[in-house]
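# Per-entry structural report
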Amino acid sequence: MSYRRLRRSLGRMRTSPLVRMRPRRNASAAGLASGAVSGAVCGSDPVNGYQVLEQVVQLPVSTWRYHWDPPHVRHLGPMAQDWWKAFGVGENDRTICCTDANGVAIVAIQALHRELTELRGEVEALRAESPRQAHPGRAPAHMTSEKAADHA
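Residues numbered from 1 in each chain as written. Predicted model: local features only at pLDDT ≥ 70, side-chain atom pairs only at ≥ 80, totals over all residues. Heavy atoms only, no water.

With that out of the way, let us pick up the packing of helix α3 (residues 49–58) against helix α5 (residues 98–129). Their axes nearest at 8 Å, the elements α3 and α5 cross at an angle of 110 degrees. The angle between α3 and α5 places the two elements in the roughly perpendicular class. Together, G49, Y50, V52, L53 and V56 of α3 and V104, V107, A108, A111, L112, R114, E115 and E118 of α5 make up the contact between the two elements. Per-class residue counts for the contact of α3 with α5 are 9 nonpolar, 1 polar and 3 charged. (Axes fitted to C-alpha atoms, helices over the stretch in contact; angles between N-to-C directions. Helix = DSSP H or I, 4+ residues; strand = E, 2+ residues; numbered from the N terminus. Parallel < 35°, antiparallel > 145°, perpendicular 65-115°, else oblique. Contact = heavy atoms within 4.5 Å. Nonpolar A, V, L, I, M, F, W, Y, C, P; charged D, E, K, R; others polar.)

Okay, the pattern of salt bridges next. Considering all chains together, one arrives at 1 salt bridge under this definition. Residue E124 pairs with R127 through a salt bridge whose shortest N-O separation is 3.4 Å. Taken together, the residues span about one helical turn, with E124 and R127 both in helix α5 at a distance of 3 residues. Judged by its relative accessible area of 30%, R127 falls in the partly exposed class. (Salt bridge = Lys/Arg side-chain N within 4 Å of Asp/Glu carboxyl O. Buried < 20%, exposed > 50% of the residue type's maximum accessible area, 1.4 Å probe, protein only.)

Right, let's talk about the state of the cysteines for a bit. For the structure shown, the criterion picks out 0 disulfides. Considering cysteine sulfurs only, C98 is the nearest to C97, which forms no disulfide, with 6.2 Å between them. (Disulfide = S-S within 2.5 Å.)

Turning next to the packing of aromatic side chains. Applying the stated criterion across every chain yields a total of 3 aromatic pairs. A ring pair is formed by Y66 and W68, whose centres lie 4.6 Å apart and whose planes are at 5 degrees; its orientation type is stacked. Looking at Y66, the relative accessible area reads 36%, which means it is partly exposed. Owing to a relative accessible area of 27%, W68 belongs among the partly exposed residues under this scheme. Linked through ring pairs, W64, Y66 and W68 together constitute an aromatic cluster. (Phe/Tyr/Trp six-rings, centres within 6.5 Å; stacked < 30°, edge-to-face > 60°.)

Next up on the list: the nonpolar core. In this structure, V52, L59, W83, A86, F87, V104 and V107 together form the largest nonpolar core, which totals 7 residues. Secondary-structure elements contributing two or more residues to this core are α4 (80–87) and α5. Ignoring anything within four residues of it in the chain, the contact list for L59 reads P78, D82, W83, A86 and F87. (Core = buried A, V, L, I, M, F, W, Y, C linked by side-chain atoms within 4.5 Å.)

Function cannot be inferred from these measures alone, as they are strictly geometric.
Structure (structure tokens):
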């Protein structure tokens with residue numbers, strides 16, 4: 001197929017009005033790319049991961065399709081209005097920016113990791129306090145048999 005025919009074909013495809021509104025500058029073959037590098041951003045503020053995690057837990061998530069999608073296509077995610085209400089990030093309450101979705105996911109994962117690390121420490125402390133419940137030689141539940149053998 002010639003380049004000209006391909007462009008005409010792509011031009012006739014049904015595209016969301018939100019996608020057609022304006023071109024994105026940070027696009028690559030793999031999709032949208034974030035240009036968030038120091039020097040290109042301002043107003044950087046710390047984030048409370050536990051608060052973000054709580055908002056993620058409460059965020060309604062469903063499967064759905066756009067009106068222009070074929071019937072077999074399904075998407076998974078929150079509605080933009082719920083996202084805006086929960087996090088207040090992005091341009092508006094009509095779209096969810098990939099950068100913001102990635103940021104929320106990363107912050108929530110970090111908060112979960114901190115919680116898990118704290119809980120593991122508490123479990124180990126409780127095991128050390130109570131010898132009858134301690135299981136010497138038994139690997140913690142989160143370790144595989146290979147990892148446990150390395151620590152033996």
